[in-house]
Amino acid sequence: FMLTQPHSVSESPGKTVTISCTRASGGLASYYVQWVQQRPGSAPVTIIYEDFHRVSGVPDRFSASIDSSSNTASLTISALQPEDEADYYCQSSYNNRAIFGGGTKLTVL
Amino acid sequence: QVSLVASGGGVVESGRSLRLSCAASGFTLKNYVMHWVRQAPGEGLKWVSLMWSDGNTKFYEDSVKGRFLISRDDSKNMFYLEMRSLRAEDTAVYYCVKDSRKTSVNLVIDVWGQGTTVTVSS
């Protein structure tokens, strides 16, 4: 994958977790990064677009950032709730194509 | 309310063809880049194809190039994926997906449909 994510993360309810997305080549800052949430058995949903903008209706517990120096985008979820348990994918662009990270399974213990 | 409803999936023998459809509502398809994205059982999301708003600029993932054809019908506000010479590895849930851009190398996927399942039997 051109976008590398941790396979899984886990944390307790009420805590904060950060999911990283590192781009292998090409400047991360040259292309927007989106974050996609997929709950078990459901279709994906974009929750963050254009690096850090929350989609309408997404709680402000979800935030995102870009670190150009490490070519890494990050999704941070604070005050974790059981319904946050899902797969999370970063999405960006390369060579006129959309690319996805391999996905991170978030378990809320 | 912007929504996408995909249909046309099913079980098909290896080597055969299938056409997926996507009905858009709440927006005009021809004004945006539109994508197909698939997800094999137990796997992650994989981009398949996209069409720019001009209707002529199209891109395909390497494994489907020459076998899949993306198209749209502006009069019906519908979007399609014609799949030929299907293989077992094409088995997946296929999502039609809207981008926020008209034409861009900087793609921003913002709306997902509910998906339609394609199973290719060998």
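Heads up: the structure comes first, above all this text.
Before going into details, it helps to say that this report is about the structure given with it. (Residues numbered from 1 in each chain as written. Chains lettered and ligands numbered in written order. Predicted model: local features only at pLDDT ≥ 70, side-chain atom pairs only at ≥ 80, totals over all residues. Heavy atoms only, no water.)

Helix and strand counts for chain A stand at 0 helices and 11 strands. Shown N-terminal to C-terminal, the secondary structure of chain A runs as helices and strands in the order β-β-β-β-β-β-β-β-β-β-β. Relative to the compact-globule value of 13 Å for 109 residues, chain A shows a C-alpha radius of gyration of 13 Å, a close match. C-alpha extents for chain A along the principal axes are approximately 40 × 30 × 25 Å. Here the analysis covers contacts within chain A between residues at least 6 apart in sequence; of these, 55% occur between residues at least 24 apart. Roughly 4900 Å² of accessible area belongs to chain A as shown, and the carbon and sulfur atoms make up 48% of that amount. (Helix = DSSP H or I, 4+ residues; strand = E, 2+ residues; numbered from the N terminus. Rg over C-alpha atoms; globule rule 2.2 N^0.38 Å. Contact = heavy atoms within 4.5 Å. Areas by Shrake-Rupley, 256 points an atom, 1.4 Å probe, with all protein chains shown as cover.)

Let's shift gears to the layout of surface pockets. Estimates place the volume of the largest pocket at around 480 Å³. In this structure, the largest pocket is lined by 22 residues; those nearest its centre are Ala98 and Ile99 of chain A together with Lys46, Trp47 and Glu61 of chain B. When residues of the lining of the largest pocket are traced back to their parent elements, those giving at least two are strand S10 (97–100) of chain A together with strand S4 (34–39) and strand S5 (45–51) of chain B. Of the residues forming the lining of the largest pocket, the biggest block, 4 residues, is contributed by S10 of chain A. Within this model, the second largest pocket holds a volume of roughly 310 Å³. Every residue lining the second largest pocket is counted, 17 residues in all, and those nearest its centre are Tyr89 and Gly102 of chain A together with Gly42, Glu43 and Gly44 of chain B. (1 Å grid on protein atoms, 1.4 Å probe; cavity = no way out; pocket = protein on both sides within 12 Å on 5 of 7 lines; lining within 4 Å. Points joined across faces, edges and corners; volume = space filled by probe spheres on them.)

In the Ramachandran plot, alanine 79 of chain A falls in the positive-phi region, its phi being about 45° despite a non-glycine side chain. Structurally, alanine 79 of chain A can be placed in the loop between strand S8 (72–77) and strand S9 (86–94). In this structure, asparagine 77 of chain B takes a positive phi of about 55° despite not being glycine. Secondary-structure assignment places asparagine 77 of chain B in the loop between strand S7 (68–73) and strand S8 (78–83).

Before going further, it helps to examine the sheet that holds strand S1 (residues 3–7) of chain B. All names here are of chain B. Taking strand neighbours across the sheet as the criterion, the 4 strands line up as S1-S3-S8-S7 in an open arrangement whose pairing is antiparallel. Strand pairing shows two members of the sheet lacking a second neighbour, S1 and S7, which therefore form its edges. Neighbouring strand axes in the sheet, compared pairwise and without regard to direction, differ in orientation by 20° on average. Bridge count between S1 and strand S3 (residues 18–25): 5 bridges; the pairing is antiparallel. Along S3, the bridge assignment pairs valine 5 with alanine 23. (Pairing = 2+ DSSP bridges. Axes fitted to C-alpha atoms, helices over the stretch in contact; angles between N-to-C directions.)

In short, geometric facts, not functional conclusions.
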